[in-house]
Amino acid sequence: MRDEVIITGIGGQGIQLMAKTLALAATRGGLQAMLTSDVGGEMRGGPSQASVVVDDEGLRALPILPSTKSVVVMHHKHSAFALGRLVPGGLALVNSSVADPAAIRDAEVIAVPALEIARAADAPNAAGFVMLGAYATLRLIVDVAALGEAMRELVPPYRAQHVAANLRALEAGAGTVLAA
Amino acid sequence: MTAATARQLHDGCAAITESAIAAGCRFFAGYPISPFTGLLENMSRRLPEAGGHCLNAESEIEAVNMALGASAAGARAATGSCGQGLALMQEAIAELALNELPLVIFNMARNQQDYFQATRGGGWGDYRTLTLAPKDVPEAVEHTQLLFHLADRYRAPVMLYGDPLIAQTHVSVDVAARDFGPLPAKDWALDGSSGGTGHSRQIWTWAMGKATEPGPGPDGHWRAVAAKFDEIAGTEARSETYRADDAETLVVAFGSAALFVEHVVDELRADGHRVGLFRPVTLWPFPGDDLAAATRNASRVLVFELNAGQMLDDVRQFTHDRGAVRFIGGVSIHASGLSFGPLLDVGPIRERILEAAA
Amino acid sequence: MTEAAPRLVARDRPDLILGDHGLCPGCGEPLALRILLEVLEELDIVRRSVGVVGHGCYGSFVQIMDVEVLQCLHGRAPSCATGIKRVRPGTVVFTMQGDGDMVNEGLQEVLHTAARGENVTCVLLNNGVFGDTGGHQTATTVVGQRTKTSLDGRDPETHGYPIPLAELVASLAGVCYVARGAVSSAGGVARTKRMLRSAFEHQLAGDGFGLVEILTMCPTGWFVPAGSGPQYLTSSLEAAYPLGELPLRGQP
């Protein structure tokens, strides 16, 4: 059972942390994962993209995906590559607080107002984890608890104060999907 | 779920670090330069934990010479850089070869443009550098341990040709120690103990020995070293083929490029094209005999590499029918200058193969 | 009357020297080698010492010194010494380098190795000239000194100024001992030998980086008669490079 996703956005939205959390959660759960990153040079505002492929034993994947079954769109800027790789009818999970879902064609588009949800969960900086919680619940590769554990592992000591908020965001994102 | 705890999510630099430590590497020196820096960072954190030493040297020149010293003292040592930094290490690589000192060199290259540098070398004298080119992180892990073994076995500097995708892609990987068989003791290594005995050890590229025990001198020594590399050329060439047995069109590619070509081969086969891949695993010694055999029945031999045509020279030399060789690669660089450009992608590769096979 | 049995009263050279050197008459480098080896013997560390020898006339010493040696690339000896010492901390590691080797090609290596406080002993044989290639200017050639690349004598306007390596090293934290001696007189030889001994004692105590700079005669490179080396050294090199143990300015 194989899953692939390209997460696209701009620097500062936590794209890389989202992707690594997903890949690590899968790994800890005994699955194989491949994670690749492509970032611009700037600290904020430049392109940020990551791809995660998950599979059982024998994962074969290219570091630059020729196609993907899913994309998570955190921002409309720099999203052309990821959307260009989405298979017809593939899943486009869109952060509708920022990106316009209506602009995406030929995909199963699911809009998640991640910023609003994050604020409501008192996790204003964790929109990315809202999206991740939603994605994981849609695709059922790893559960929110596993994502939470992986996130805990990845968050550096000087950001430890954000762990609780990130967990809330993951739950809120998952909850959005379940409620829909 | 027994594999769950053993398997880690590592990028190539972290995985190579763990693999090197598992192989007994206890000395590393390097200088930060993309995309090698991750290897230096990982070694810096992990080697001391394993009882080893990692030095952030003042330049690549010092890094390789520190590693040379550690090797001369009998430790399993390594260094690395990308092609730009390896350019500074060329003299020392020759020195290692002519001193018959083992060293593993990690070329975390920015692209495939360092093929000539790796296989022809830029140092002085008659030496060759055994070079392995993994196609992905799991293979890089395996090659790392094999290289420490081969370096000790042949008493020579050896190289892993990596790239940014291998350096920076994370995969779930096990890094277990692998056993490649017994090796002779390093009785040539310096520890001071033969001082004052009249037979004190000497490591010198000119191998003239001591006044009381003359050595073979440069003529005898350099001929012996050259002969050793001839031996390695005869025994250590490695290659792989993928769906090549009945291929009309054989694509030749190494490293990450080969990984992409494999995928394209599958796509084209599904469309009915008889296409396959020949992948040199050692860049030197180039698996010429294997290539000659693999190209016997191919009407087209397409060389795909991300440079202006370097492995192309070796392919031309050994292909069964030279006239069948065409170059479908090219220089393709990421906007940052630090990684591969748009040519390393399934779409463009597929197009080029189809165009050449038409 | 029976003759007394012969009694060994002195050796003409240490046992650690395996043969004659082939260097010029009047060269100071063999003197430096001799006192270095005598110190290793006296401290009883021969069987745990490794020398890293650079490139110069003294490079041929690797054939006549009964000590384990690594002959290394020009300038790189301190780096190689670093590697050896790190993996074999119980080994006594020293370098032997000329001024062309250490102060031209290898300035980076020696300064960084010193600043890192590597527990090794570097020995600089300073005669102000690239002797082995025929007598060319180095970073330590003194003002007014004639070489094949400063035929009218080193002129600051054209050739800049010499680099006093010992003073540079002494300015760095990580350094535990810096001294400059000269083998141009019997007294100088004895004092320089004591400096070497001190330096090695510091290494044995694990105190950090040590440097002994030894001014040596090179009458061939200086275009003076073989016997005039000591006088030239005293009047030219010593004037630019004061002798003695240097105060360590770089202490943190």
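Now for a quick tour of the structure. (Residues numbered from 1 in each chain as written. Chains lettered and ligands numbered in written order. Predicted model: local features only at pLDDT ≥ 70, side-chain atom pairs only at ≥ 80, totals over all residues.)

### Comments concerning the interface of chain A and chain B
Contacts between the two partners involve 17 residues from chain A and, on the opposite side, 20 residues from chain B. Contributing elements (two or more residues each) for the side of chain A that touches chain B: helix H1 (15-28) and strand S2 (32-39) of chain A. Ranked by residue count, the leading element in the side of chain A that touches chain B is S2(A), at six residues. Residue classes in the side of chain A that touches chain B are distributed as nine nonpolar, seven polar and one charged. (Contact = placed C-beta atoms within 7 Å. Helix = DSSP H or I, 4+ residues; strand = E, 2+ residues; numbered from the N terminus. Nonpolar A, V, L, I, M, F, W, Y, C, P; charged D, E, K, R; others polar.)

### Considering the interface of chain C and chain B
If you look at the interface, chain C gives 34 residues, while chain B gives 36 residues. Broken down by secondary-structure element, the contributors of at least two residues to the side of chain C that touches chain B are strand S1 (49-53), strand S2 (68-71), helix H2 (77-87) and helix H4 (107-115) of chain C. In terms of residues, the side of chain C that touches chain B owes the most to one element, H2(C), which gives eight residues. In terms of residue class, the side of chain C that touches chain B is made up of 16 nonpolar, ten polar and eight charged. In terms of strand pairing, strand S9 (residues 202-203) of chain B meets S2(C) through two bridges, oriented parallel. Each residue of the ladder has a partner; that of B:Gln202, found in S2(C), is C:Val69. (Pairing = 2+ DSSP bridges.)

### Focus: the environment of A:His76
All names here are of chain A. You can see His 76 is positioned in the loop between strand S4 (68-73) and helix H2 (80-85). Taking the C-beta count within 10 Å as the criterion, His 76 has 18 such neighbours and is therefore assigned partly exposed. Once the C-alpha coordinates of His 76 and Ile 10 are considered, the two residues, 66 residues apart in sequence, prove to be 8.8 Å apart. Once residues lying within four places of it in the same chain are set aside, the contact partners of His 76 are Ala 99, Asp 100 and Ala 103. (Buried ≥ 20, exposed ≤ 12 C-beta atoms within 10 Å, placed from the backbone.)

### Side note on the packing of helix H5 (residues 144-154) of chain A against helix H6 (residues 163-179) of chain A
A pair of packed helices is captured by two measures, namely the crossing angle of their axes and the spacing between those axes. Residues and elements named next belong to chain A. Their axes nearest at 10 Å, the elements H5 and H6 cross at an angle of 155°. Judged by the angle between their axes, H5 and H6 are roughly antiparallel. Seen along the crossing, H5 lies across H6 with a hand that is right-handed. Contact residues: Val 144, Leu 147, Gly 148, Met 151 and Arg 152 in H5; Val 163, Asn 166, Leu 167, Leu 170, Glu 171 and Ala 174 in H6. Each residue belonging to the contact of H5 with H6 can be placed in one class, and the counts come to seven nonpolar, two polar and two charged. (Axes fitted to C-alpha atoms, helices over the stretch in contact; angles between N-to-C directions. Parallel < 35°, antiparallel > 145°, perpendicular 65-115°, else oblique. Left-handed = near helix turned anticlockwise from the far one by under 90°.)

### Concerning the sheet that holds strand S7 (residues 157-162) of chain B
All names here are of chain B. Spatial ordering of the open sheet is given by S3-S2-S4-S5-S7-S6-S15, a layout of seven strands whose pairing is mixed. Of all the strands in the sheet, the pair left with one neighbour each is strand S3 (53-56) and strand S15 (282-284). Neighbour to neighbour, the strand axes of the sheet diverge by 20° on average, direction disregarded.

### Some words on the environment of B:Leu160
Residue and element names in this part refer to chain B. You can see Leu 160 is positioned in strand S7. Taking the C-beta count within 10 Å as the criterion, Leu 160 has 26 such neighbours and is therefore assigned buried. Along the chain, Leu 160 and Ala 324 lie 164 residues apart, while their C-alpha atoms are 30 Å from each other. Here Leu 160 is in contact with Phe 106, Asn 107, Leu 132, Pro 134, Ala 140, His 143, Thr 144 and Leu 147, once residues within four sequence places are set aside.

### Some points on the pairing of strand S3 (residues 92-98) of chain C
Residue and element names in this part refer to chain C. Judged by how many residues are buried, S3 sits mostly within the fold: seven of seven residues are covered. Here S3 shows no split at all, with Val 92, Phe 94, Met 96 and Gly 98 on one side and Val 93, Thr 95 and Gln 97 on the other all buried. With five bridges joining them, S1 and S3 adopt parallel strand pairing. By the bridge assignment, Val 53 is partnered in S3 with Met 96. Relative to strand S4 (residues 121-126), S3 runs parallel, the two sharing five bridges. Bridging from a neighbouring strand, Met 96 pairs with Val 123 of S4.

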